[in-house]
Amino acid sequence: MGAANSILAVRGLTVSFALAKKQYVQVVDSLDITIAPGETLGLVGESGCGKSVSALAIMGLLPEHACAARARESSFGGAPFTIRAGDACTLARGRDVAMIFQDALTALNPVATIGAQMVEAIRVYQTMAMAQALAMAAEALGALGIPDPRMRLGAYPHQLSGGMRQRVMIALALLHSPRLLIADEPTTALDVTIQAQILELMARLQREREMAMLFITHDLGVIGQICARTLVMYAGRIVEEGSTRDILTRPLHPYSRGLIESMPGKRARAAGEPLPAIPGRVPSPEEFAGLQGCRFAPRCARAEAICFREQPVLTAYDGRQAACHLAGRSDHA
Ligand code: SF4
């Protein structure tokens, strides 16, 4: 997809964290993200792969004293913007993009009522009387299925359930009808029933408002429910990109396959049989910066000699892309 018909197009995003003595270690390497208007794009990978950092970098929300971020190209709705750490860019300052986070309890102000926080958010972009802003806030909560919205405006975040707080976060994010919503693990902290309700709600709102969404999660089950297209990220790089259906049913990259096989309930297990898991752990940025070949090689059961020598690049195969030396081979099932 070209930048011209996308809502967000970022090419060659690189993010580094500062170490001691003005040295940096790269945590995101040459990431490309393109989202079409109205599309829901999934970004999936284990914790520590760089998913959230990439989103924060795009929004300009990384601290300048600890990070460096840049991209070869970046545009929103066809208009270029600059990505730079420590400088909330036009995306974060504008009303076209909103972001919601995993833990609503820490994202919301604990010492302000829901009403006060919503009125403040409304008045950033719209001049209106307090009574009118409160009515708008109550309407926004009601649209998210929150019962007695007028009464909830007087509540503090700790007085609401986890699911209710997450609905408040979504209501806040949608107040100004953004064209793009970045949702960073928005259901991870919720129990399964509430998670299903929130996912359904987000999918409905996304359809009704024709809003684009970048949905970040480590859970491929969630991706399967809400995203048409998916990027799989490992150790700071995209390793597979394609339709969610293709990735879930016939993954090209061994890491994608490992994530799928690790999904609880993926296959029946005998009593006492442990859950399948990808061996090892995601390397730290200091560790993967020193790897010469494929960053997944130390954990990959399919690794061959070339994998430890040469870094695979994203290559197109049958309508999608994968960064694996074996992806195009007939014996790679
Ligand atoms: S390039 Fe090699 S090590 Fe990396 S995922 Fe493919 S087979 Fe595994």
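These numbers were taken from a predicted model, which means no experiment stands behind them.

Novice: Tell me what's going on with helix α8 (residues 192–209), and back it up with residues and numbers.
Specialist: Over its 18 residues, α8 extends 26 Å from the first C-alpha to the last, a length consistent with the 26 Å expected when each residue adds 1.5 Å. Of the residues making up α8, those classed as buried are Gln195, Ile198 and Met202. On an axial view of α8, the arc spanned by its buried residues comes to 65 degrees, and they lie on one face. Facing away from the buried side of α8, by more than 90 degrees, are the exposed residues Thr193, Glu200, Arg204, Arg207 and Glu208.

Novice: So what's going on with the site of the ligand? Residues and values would help.
Specialist: In the vicinity of the ligand there are 13 residues, among which Cys294, Cys300, Ala303, Cys307 and Cys324 approach most closely. Looking at the shell around the ligand residue by residue, the classes come out as 10 nonpolar, 2 polar and 1 charged.

Novice: Report on the packing of helix α4 (residues 114–125) against helix α5 (residues 130–143), specifying residues and quantitative values.
Specialist: Close contact between α4 and α5 brings their axes to 9 Å; oriented N to C, the two are set at 110 degrees. In this view, α4 runs roughly perpendicular relative to α5, as classed from their interaxial angle. Facing Gly115, Met118, Val119, Ile122 and Arg123 of α4, the residues of α5 in contact are Met130, Ala133, Leu134, Met136, Ala137 and Ala140. Considering only residue class, the contact of α4 with α5 consists of 9 nonpolar, 1 polar and 1 charged.

Novice: Run through the sheet that holds strand β13 (residues 320–322), naming residues and quoting values.
Specialist: Taking strand neighbours across the sheet as the criterion, the 8 strands line up as β7-β8-β9-β3-β10-β11-β13-β12 in an open arrangement whose pairing is mixed. Both outer strands of the open sheet, β7 (97–100) and β12 (315–317), are each paired with one neighbouring strand and no more. Neighbour-to-neighbour, the strand axes of the sheet open up by a mean angle of 20 degrees, direction not taken into account. As defined by bridge partners, strand β11 (residues 237–243) adjoins β13 across 2 bridges and the pair is classed as antiparallel. Bridging from a neighbouring strand, glutamate 240 pairs with alanine 322 of β13. Helix-sheet contacts for helix α1 (residues 51–59) involve β3 (40–44), β7, β8 (180–184), β9 (212–217) and β10 (229–234), and the interaxial angle to β9 is about 145 degrees. Relative to the sheet, helix α7 (residues 162–174) contacts β7 and β8, its axis offset from that of β7 by approximately 170 degrees.

Novice: Outline helix α11 (residues 254–261), listing residues and values.
Specialist: The complete set of buried residues in α11 reads Pro254, Tyr255, Ser256, Gly258 and Leu259. For α11, the elements touching its buried residues are β3, α9 (220–226), β10, β11 and α10 (244–249).

Novice: So, the pairing of strand β5 (residues 73–76): which residues are in play, and what are the values?
Specialist: Two faces, one strand: in a regular strand the side chains alternate between the faces of the sheet. Side chains Ser74 and Phe76 project from β5 onto a buried face, and the interleaved Glu73 and Ser75 project onto a face without burial. Examined bridge by bridge, strand β1 (residues 8–18) and β5 share 4 bridges and lie antiparallel to one another. Across the sheet, the residue bridging to leucine 8 is phenylalanine 76, located in β5. Here 2 bridges tie β5 to strand β6 (residues 79–80), and the two strands are oriented antiparallel to one another. Within β6, the residue paired with serine 75 across the bridge is proline 80. Connecting β5 to the antiparallel partner β6 that follows it, the hairpin turn spans 2 residues, and glycine 77 within it adopts a positive phi of roughly 60 degrees.

Conventions adopted
- Residues numbered from 1 in each chain as written.
- Predicted model: local features only at pLDDT ≥ 70, side-chain atom pairs only at ≥ 80, totals over all residues.
- Helix = DSSP H or I, 4+ residues; strand = E, 2+ residues; numbered from the N terminus.
- Expected span 1.5 Å × (residues − 1).
- Buried ≥ 20, exposed ≤ 12 C-beta atoms within 10 Å, placed from the backbone.
- Arc of directions from axis to C-beta.
- Near = placed C-beta within 6 Å.
- Nonpolar A, V, L, I, M, F, W, Y, C, P; charged D, E, K, R; others polar.
- Axes fitted to C-alpha atoms, helices over the stretch in contact; angles between N-to-C directions.
- Parallel < 35°, antiparallel > 145°, perpendicular 65-115°, else oblique.
- Contact = placed C-beta atoms within 7 Å.
- Pairing = 2+ DSSP bridges.

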